[in-house]
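# Secondary and tertiary structure notes
The residues making up each chain are set out below.
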Amino acid sequence: KFCVYLYTFSNMVAAIIQCIFPKLLITNFTISLSFMIIYITLQRPEDKIDSLTQLENKGAFLEELNRDINSKNQFFLLIVKLQNLNRINDMMGVSMGNSVLRHFSRILSDAASKSLLYRIGGSRFAFLIWDEQETANIIMDIENHVKDGYEINGMLVQINARYCQLKFPQHGKTVNELENMIQFCLTKEAGKKDAKVVYADEKMLENLKRDHEIQDIIKEALVKRTFQVYYQPIYNWREDTFDSAEALIRLFDDKYGFISPEEFIPMAEKSGQILEIGDFVTDEVCRMIAANRLQDYGVKHVHINLSGVQCMQRDLDEKIKTVMKRYKLDPHIISFEVTETAALHSDSYLTETLQGITDAGFGLALDDYGSGFATFGYLLNYPFTEVKFDKEMVWQSTREEKAMIALNYVVKMMKELSLTIVAEGVETEEQAAKLREIGCDLFQGYLYAKPMPKQEYIEFLRNHQKNES
C-alpha cells in the first residue's frame, strides 16, 4: 500500500510541477525514483519461508506478531518444541533428524486449520491463535498423530513434543516481552514440570522479572565489586589440620537477600559475565592469602572453581600467573577445581589449557565426581592431582551398602593413580568414620566447618592453631 500511494502521489506532484515549469524534466525522474523505491522495499516471498519445512519463518512470525500487537486485539501463542531432536540427530544422523522435522511440520500444518503456523528456529514452532479453545484442539490433534511414533527407513522414531501457551497482553505487551516469556517457559519452567503443556501465569512473570533484576544485580556487583568470597575449611584427618579451603562466591542484595550461586552462576555463564566473576574471585583470594599469610596457619592450598567458559580461555594460565606475580605468591598454594560438566562440554583443547595450569605449578582438582557424568577417562586424559567426591554420592554410599562397596573400589583405583581424595558433604561422625575406613584423605562439610567470610575464616584458623598448641 505504501508503494502504491507513494507512486501515485509523487507522480501527481511531478505532473503539477511539470505543468508549472515545462522546461524542467522532472516526470521521468520521479517515475524512475518511484520504481527504485518499490524495488528496494518489496520483499521476495522466499525470504519469509523456512527452506527445510516450507513453513513461514521467524521473520514472518515477528512481523505478524507486531501487526497483531499494534491492533491491540487479544490473541494466543502456542509454542511447540520437539524435545528429542538432538537425541535423534546424535543417534541416527542429521538427515534423519531433518526428515523427522519435515514430518512433524506436516503434522503441525494439518492441525493449523484456524491459526497461523511458523517455524521460529531449531525444533521450535509457533501457532498464532485467536480462539483459546483452538489451542486445546491443536494439542490434542498433534498428540493423536505422534503417540505411536514415526516410521522411517524401517525404524520407529518416537516424537516427544512439549507445549507452552501464552496470552497477549497478559504475558507480554511487546514482541521482546513475549519472546522472553517463550524462552523462559521452554527452558526454566518446562524443565521443572512433568506436564507436557506449560501455561504462562503470573508466577512466571514474577520469576522472569526476578531473572532480569538478578542480571542487573550481577552487573552492579561487578562494577562496585560487591561480590563476597567465603571460605569453607577442608579437614585433613590424618594430620588433624585444616590445611586447605574452598573459595566460594557469594552475592547479597538488599531486596532478595542471599542469592544462591546455583541461580546466578548459570546466568553469568550465558551472558559471559562469568569471566569477570572468575577474575574477581582469583584476585580476591590471592589478595587475602597475601594479606593474611595463610601459610603461617598451615594452609597449603586454597581451591578456586573454574567454570567451563573460563576453561575455554587460551590465555587462562597467563592471566592467573599475572595475578600471582602481583601478590608475590607461590603457585602451589592455589588449586583450581573443574567440574565434570565443564570437562564434558569443553572444547578439545581443554587438555592443553589444563596442562598449562599444572605446568605453571597450580594444583588441579576434578570437582563433583559422581554427580552423573562420572568417567575414568577424565582421570586419564586430564592432569588432575585431586578428586572431590560429590556430596550426593557420599551420602548415598554411607546409606547403602552396595554404594559403599562401589565407592570403596573407586577409592582404591584412584589411590593407584596417586590421586588425593576429598569427600564433600560430610555432616555426621558416622559418615566420616566410613570414609576414613575406605581411605578418603580430606573431608569438607558442615561436620567440620561451614563456608564463612574471610575474617571469620582467619579467626577459625587462629582458634584451631591455639587448640593444637
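Counting starts from 1 at the beginning of each chain's written sequence and moves along it residue by residue. A pLDDT threshold of at least 70 governs which residues receive local features in this predicted model, and a stricter bar of 80 or more applies before side-chain atom pairs are shown or counted, although totals over entire chains, interfaces and linings include all residues. Note: side-chain values were computed over all heavy atoms of the structure, leaving out hydrogens and water.

## Considerations on the overall build of the chain
In terms of helices and strands, the chain carries 19 helices and 17 strands. The quantity called the radius of gyration is restricted to C-alpha atoms. Its globule counterpart is 2.2 Å times the number of residues to the power 0.38. Computed over its C-alpha atoms, the radius of gyration of the chain comes to 30 Å, more than 25% above the 23 Å expected for a compact globule of 469 residues. Expressed as lengths along the three principal axes of its C-alpha atoms, the size of the chain is roughly 105 × 60 × 40 Å. Evaluated residue by residue, the chain yields a buried proportion of 48% over its 469 residues. Carbon together with sulfur atoms contributes 53% to the accessible area of the chain, which is approximately 24,900 Å² in total. Only four residue types enter the tally: Lys and Arg on the positive side, Asp and Glu on the negative side, with His and both chain ends excluded. Working definition for charges: the position is that of NZ of Lys, CZ of Arg, CG of Asp or CD of Glu. Taking the average location of the 53 positive side-chain charges in the chain and that of its 67 negative ones, the two points are 4 Å from each other. Going along the chain from the N terminus, every DSSP run of H or I of four or more residues is numbered as a helix, and every run of E of two or more is numbered as a strand. Residue exposure (1.4 Å probe, protein chains only): buried if accessible area is under 20% of the type maximum, exposed if over 50%, otherwise partly exposed. Each accessible area is a Shrake-Rupley result for a 1.4 Å probe, and residues are judged covered by the shown protein chains and nothing else.

## A short note on the packing of aromatic side chains
Working definition: a ring pair exists when centres of Phe, Tyr or Trp rings (six-membered ring for Trp) sit within 6.5 Å. Plane angles under 30 degrees give stacked, over 60 give edge-to-face, the rest tilted. The tally for this structure, following the rule as stated, stands at 15 aromatic pairs. One aromatic cluster is present, built from ring pairs that chain together Tyr235, Phe242, Phe443, Tyr448 and Phe460. Above the plane of the ring of Tyr256 lies Arg210, whose end atom (NZ or CZ) is 4.5 Å from the centre. Of note, Lys412 hangs over the ring of Tyr409, and the distance from its end group to the ring centre comes to 5.3 Å. Whether a charge lies above a ring is judged from NZ of Lys or CZ of Arg, which has to be within 6 Å of the ring centre and within 35 degrees of the ring normal.

## Observations regarding the pattern of salt bridges
One speaks of a salt bridge when a side-chain nitrogen belonging to Lys or Arg is within 4 Å of a carboxyl oxygen belonging to Asp or Glu. Inspection of the entire model under this criterion finds 25 salt bridges. Among the salt bridges present, the one from Lys300 reaches Glu239, with a minimum N-O distance of 3.7 Å. Remark: Glu239 occurs in the loop between strand S8 (228-236) and strand S9 (241-253) and Lys300 occurs in the loop between helix H10 (274-292) and strand S11 (301-306); sequence separation between them is 61 residues. When salt bridges that share partners are traced, they join Arg225, Asp283, Glu284, Arg287 and Arg326 into one network.

## Some words on the side chain of Thr135
Along the chain, the position of Thr135 falls in helix H6 (residues 132-146). Thr135 gets classed as buried once you look at its relative accessible area, which sits at 3%.

## Points about the nonpolar core
What makes a nonpolar core is a set of buried Ala, Val, Leu, Ile, Met, Phe, Trp, Tyr and Cys residues whose side-chain atoms join them at distances within 4.5 Å. One finds Phe227, Val285, Leu294, Ile334, Phe389 and Tyr457 to be the most contacted residues of the largest nonpolar core, which totals 81 residues. In this analysis, two residues are considered to be in contact whenever any of their non-hydrogen atoms come within 4.5 Å of each other. Those residues in contact with Val285 that lie beyond four places of it in its chain are Val229, Tyr231, Ala247, Val302, Ile304 and Ile334. Leu55, Val80, Leu82 and Ala112 belong to the second largest nonpolar core, which has 31 residues in total.

## Overview of the side chain of Asn84
Relative to the helices and strands, Asn84 is located in the loop between strand S1 (75-82) and helix H4 (85-92). We classify Asn84 as buried; its relative accessible area is 16%. As used in this structure description, the phrase polar contact means that two N or O atoms lie within 3.5 Å; if the pair is within protein, one of them must be able to donate a hydrogen and the other to accept it, and residues adjacent in sequence are counted only when both atoms belong to side chains. From its side chain, Asn84 meets the backbone oxygen of Gln158 in a polar contact 2.6 Å long.

## Thoughts on helix H14 (residues 350-359)
Along H14, the residues classified as buried are Leu350, Thr353, Leu354, Gly356, Ile357 and Thr358. Positioned one or two residues after H14, Gly361 has a phi angle of 105°, which is positive.

## Here we look at the packing of helix H8 (residues 202-224) against helix H9 (residues 261-271)
Packing of H8 against H9 leaves a shortest axis separation of 10 Å and a crossing angle of 75°. The orientation of H8 with respect to H9, classified from their angle, is roughly perpendicular. In this structure, H8 contributes Arg210, Asp211, Ile214, Gln215 and Ile218 to the contact, and H9 contributes Glu263, Phe264 and Met267. Grouping the amino acids of the contact of H8 with H9 by side-chain chemistry returns four nonpolar, one polar and three charged. Simply put, an axis is a line fit to the C-alpha atoms, just over the touching stretch for a helix, and the angle between two N-to-C directions goes from 0 to 180 degrees. Note on angle classes: values under 35 degrees are labelled roughly parallel, values over 145 roughly antiparallel, values of 65 to 115 roughly perpendicular, and the remainder oblique. When residues are sorted by character, Ala, Val, Leu, Ile, Met, Phe, Trp, Tyr, Cys and Pro go into the nonpolar class, Asp, Glu, Lys and Arg into the charged class, and all the rest, Gly among them, into the polar class.

## Some details on the sheet that holds strand S7 (residues 197-199)
The five strands are arranged S2-S3-S1-S6-S7 in an open sheet whose pairing can be described as mixed. Sheet topology places strand S2 (116-121) and S7 at the edges, where each strand pairs with a single neighbour. For this sheet, the mean angle separating the axes of adjacent strands, direction not counted, is 20°. Strand pairing requires that DSSP identify at least two bridges connecting the strands. One ladder, built from eight bridges, connects S1 with strand S6 (residues 161-168); its direction is antiparallel. Within the sheet, the bridge partner assigned to Leu82 lies in S6 and is Ala161.

## Some remarks on a nonpolar patch on the surface
Patch membership needs two things, relative accessible area over 30% and no salt bridge, and members are linked within 9 Å if like-charged or within 5 Å if nonpolar (Val, Leu, Ile, Met, Phe, Trp, Tyr). Together, Ile16, Ile20, Phe21 and Leu24 line one region of the surface with nonpolar side chains, adding up to about 420 Å² of accessible area. Its place among the elements puts Leu24 in the loop between helix H1 (2-20) and helix H2 (27-41). Using a relative accessible area of 45% as the deciding quantity, one classes Leu24 as partly exposed.

## Focus on the environment of Lys1
The residue Lys1 is located in the segment before H1 in this model. It is 70 Å that separates the C-alpha atoms of Lys1 and Ala245, two residues lying 244 residues apart in sequence.

## With respect to unusual backbone geometry
Here the amide bond leading from Phe168 into Pro169 is cis, since omega sits at 5°, within 30 degrees of zero. The residue Arg225 is not glycine, and still its phi comes out positive at about 55°. Among the structural elements, Arg225 can be located in the loop between H8 and S8. The phi dihedral of Ser418 is positive, around 60°, even though this residue is not glycine. Within the secondary structure, Ser418 sits in the loop between helix H17 (401-416) and strand S15 (420-424).

## Comments concerning the pairing of S2
By the bridge criterion, five bridges tie S2 to strand S3 (residues 124-129) in an arrangement that is antiparallel. Directly across from Leu116, in S3, lies its bridge partner Leu128. Hairpin connection, S2 to S3: the antiparallel pair is bridged by two residues, and Gly122 has positive phi, about 60°.

## Considerations on the state of the cysteines
Throughout, a disulfide means two cysteine sulfur atoms within 2.5 Å of one another. Counted by the stated rule, this structure contains zero disulfides. With no disulfide partner, Cys185 has as its closest neighbouring cysteine sulfur the one in Cys164, 3.3 Å distant. The exposure class assigned to Cys185 is buried, which follows from its relative accessible area of 0%. In this structure Cys311 is not part of a disulfide, and its nearest cysteine sulfur, from Cys286, lies 17 Å away. By relative accessible area, Cys311 is classed as buried at 1%.

These values are about where atoms sit, not about what they do.
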